[in-house]
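Take a look at the letters that make up each chain.
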Amino acid sequence: MSLAQAAVDGAEPDELLRLEVPTTYRAAHTLKDEVGMFGPLPHGTDGVDKDVRRSIHVGEVPMPELAPDEVLVAVMASAVNYNTVWSAMFEPIPTFAFLERLGRQGYWGARHNLPRHVLGSDCSGVIVRTGATVRHWRAGDRVVVSTAYIDDQDPIVQHDGMLATDLRAWGFETNFGGLAEFAVVKATQLLPKPRHLSWEEAACNMLCASTAYRMLVGSRGSCMKQGDVVLIWGATGGLGAYGVQLVKNGGGIPVGVVSSERKAELLHRLGCPYVVDRSAFEHLNDEKAWRRLGAEVRRLVGEDPHIVFEHTGRETFGASVYVARKGGSVVTCGSSSGYAHEYDNRHLWMKLKRIIGSHGANYQECHEVNRLFSLGMLQPALSSVYPLDRTGDAARAVQLNQHIGKVGVLGLAPAEDLGIEDYALRERVGEDAIRLFR
Ligand code: NDP
């Protein structure tokens, strides 16, 4: 029997360790010699469609050697993140530049600098090998993988892992990511898989949910308190779907922004009391439009947002700074519509507002978020699932904003709905809640 099949079948640790690690495995990847394929211009300019289906390939890749602090995971499921789209458009810079830099870091770093980049920053699966210095995990453990790839010998990590000098997003700034049959991860990325979720439901959460957690709840983010009004851009997207749930859990008042009636309806079902349909606003790049947005929020809620949850960037940032209340904050982790923002600084300083930069989440924050999933207090935002061979189509849906929530990809799992262990908890949480986005 193959190691992959044994992992799928739930084989005992001894058997997993007895079976040979394959020399190659299937993985979704980009190719270094295709970096120039879309031309030099940024996506969306000059009518160039940087169709990620052309740049994402699925095929056999060589199995890397395992470093002492790493584990080899037999991937059951993974998910598309927006960084998969960035990688496949080779924007803002080709991710091969990250791999080259990592490649200069000694023997283990050199493994990453390859002519192909195996993508994917989320996964669930079964540990099949552990490196010599891994202490808390063993073969057979069912895990989800968090994204932050951190040097645990860097002193600042004791303060906050996200301040690490050489912080990297696994599967984006490193090789051997999760959109594959096997993945290589550091032991410090591992968390126990929530037992009541299927492989694909467990796989899709960690990157977006933990980022949203740090932005809203974490002590380095906006530290939301009970009763805070929180404006959430892209409220049914990857980050937003978890943002809405976290605001509700913490006693805040979410105001979700979406771009269609279908998404507005889903938001209501998610329990978001206030919804703004941004398609009613032609554009948001002048003060007139910002005022109209602010007036709409006031009409709905009766007051201005304490916090604006930003990741949409250039097209929304001026509005975000404007609509935050006096003394409020804009917390940002991204710039989907462009990263060179413009806003009117008078609204920031005169109204004593703050802009808070946030990135990913440290191991402890990931642990807290995974605990919420394991208790049934956060639900997966999984909307659709693709086989590994169709990773390009899955990423294309996200690139075109045709998706809602998270788009899953099966790795070794032969079908959906496998991997559930705790049916009693699943029943208590409820199928409707767990499958709300499906
Ligand atoms: P998704 O594509 O899943 O969701 C983004 C949502 O934003 C969409 O659903 C869409 O909702 C909305 N949106 C898109 N374009 C615009 C626009 N021009 N104006 C207003 N709303 C818009 O992506 P994610 O939520 O996974 O990620 C969002 C961004 O955050 C990405 O740029 C990603 O790279 C970044 N990110 C950063 C992280 C970090 O650690 N720094 C971690 C995770 C993500 P609708 O059309 O309904 O309004």
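Just so it is clear, the model here is predicted, and its values are computed rather than measured. (Residues numbered from 1 in each chain as written. Predicted model: local features only at pLDDT ≥ 70, side-chain atom pairs only at ≥ 80, totals over all residues. Heavy atoms only, no water.)

Student: Hey, could you run me through empty space enclosed by the protein in this one?
Tutor: Over the atoms rolls a probe the size of a water molecule, and its path tells where empty space is left. Applying the stated rule across the entire model yields one cavity of 30 Å³ or more. By volume, the largest cavity amounts to about 30 Å³. The wall of the largest cavity is formed by V61, P62, L114, R116, V118, N175 and F176. Broken down by secondary-structure element, the contributors of at least two residues to the lining of the largest cavity are strand 2 (57-62) and strand 4 (116-118). Grouping the constituent residues of the lining of the largest cavity by class yields five nonpolar, one polar and one charged. (1 Å grid on protein atoms, 1.4 Å probe; cavity = no way out; pocket = protein on both sides within 12 Å on 5 of 7 lines; lining within 4 Å. Points joined across faces, edges and corners; volume = space filled by probe spheres on them. Helix = DSSP H or I, 4+ residues; strand = E, 2+ residues; numbered from the N terminus. Nonpolar A, V, L, I, M, F, W, Y, C, P; charged D, E, K, R; others polar.)

Student: Would you mind showing me how to read the packing of helix 4 (residues 82-89) against helix 15 (residues 391-399) here?
Tutor: Two measures define how a pair of helices packs: the angle their axes make with one another and the distance between the axes. Remark: helix 4 packs on helix 15, axes separated minimally by 9 Å, with the N-to-C direction vectors making an angle of 100 degrees. The angle between the axes of helix 4 and helix 15 places the two elements in the roughly perpendicular class. Between helix 4, through Y82, T84, V85 and M89, and helix 15, the contact on the second element is made entirely by A395, V398 and Q399. In the contact of helix 4 with helix 15, the residues fall into five nonpolar, two polar and no charged. (Axes fitted to C-alpha atoms, helices over the stretch in contact; angles between N-to-C directions. Parallel < 35°, antiparallel > 145°, perpendicular 65-115°, else oblique. Contact = heavy atoms within 4.5 Å.)

Student: Would you mind showing me how to read the packing of aromatic side chains here?
Tutor: We describe a pair of aromatic rings using the distance from one ring centre to the other and the angle between the two ring planes. With the rule as written, the count across this model stands at eight aromatic pairs. Pairing Y25 with F182 gives two aromatic rings, centres 6.1 Å apart and planes at 85 degrees, and the pair type is edge-to-face. Placement of Y25 in strand 1 (residues 24-31) and of F182 in strand 9 (residues 182-186) is noted, with a sequence separation of 157 residues between them. Note on accessibility: Y25 and F182 belong to one class, buried. Ring centres of F38 and F90 lie 6.2 Å apart, and the angle between their planes is 40 degrees; on these two criteria the pair is classed as tilted. Note that F38 is positioned in the loop between strand 1 and helix 3 (52-55) and F90 in the loop between helix 4 and helix 5 (96-103), a separation of 52 residues in sequence. The pair F38 / F90 is uniform in exposure class, with both members buried. One cation-aromatic arrangement involves K186 over Y149; the distance from NZ or CZ to the ring centre is 4.7 Å. If you follow K193 out to its NZ or CZ, it ends over the ring of W199, 5.3 Å from the centre. (Phe/Tyr/Trp six-rings, centres within 6.5 Å; stacked < 30°, edge-to-face > 60°. Buried < 20%, exposed > 50% of the residue type's maximum accessible area, 1.4 Å probe, protein only. Lys NZ or Arg CZ within 6 Å of the ring centre and 35° of its normal.)

Student: Hey, could you run me through the site of the ligand in this one?
Tutor: Around the ligand lies a shell of 24 residues, among which S259, R278, E315, G360 and H403 are the nearest. For the ligand, a nitrogen atom lies 2.8 Å from a polar atom in the side chain of E315. Secondary structure elements with two or more residues in the shell around the ligand: helix 4, helix 8 (206-216), helix 9 (238-249) and helix 12 (314-323). Looking at the shell around the ligand, its residues break down into seven nonpolar, 14 polar and three charged. In terms of domain composition, the shell around the ligand takes at least three residues from each of domain 1 (3-208 + 361-434) and domain 2 (222-357). (Near = heavy atom within 4 Å. Polar contact = N/O pair within 3.5 Å; in protein donor to acceptor, adjacent residues only side chain to side chain. Domains from an automatic or database assignment.)

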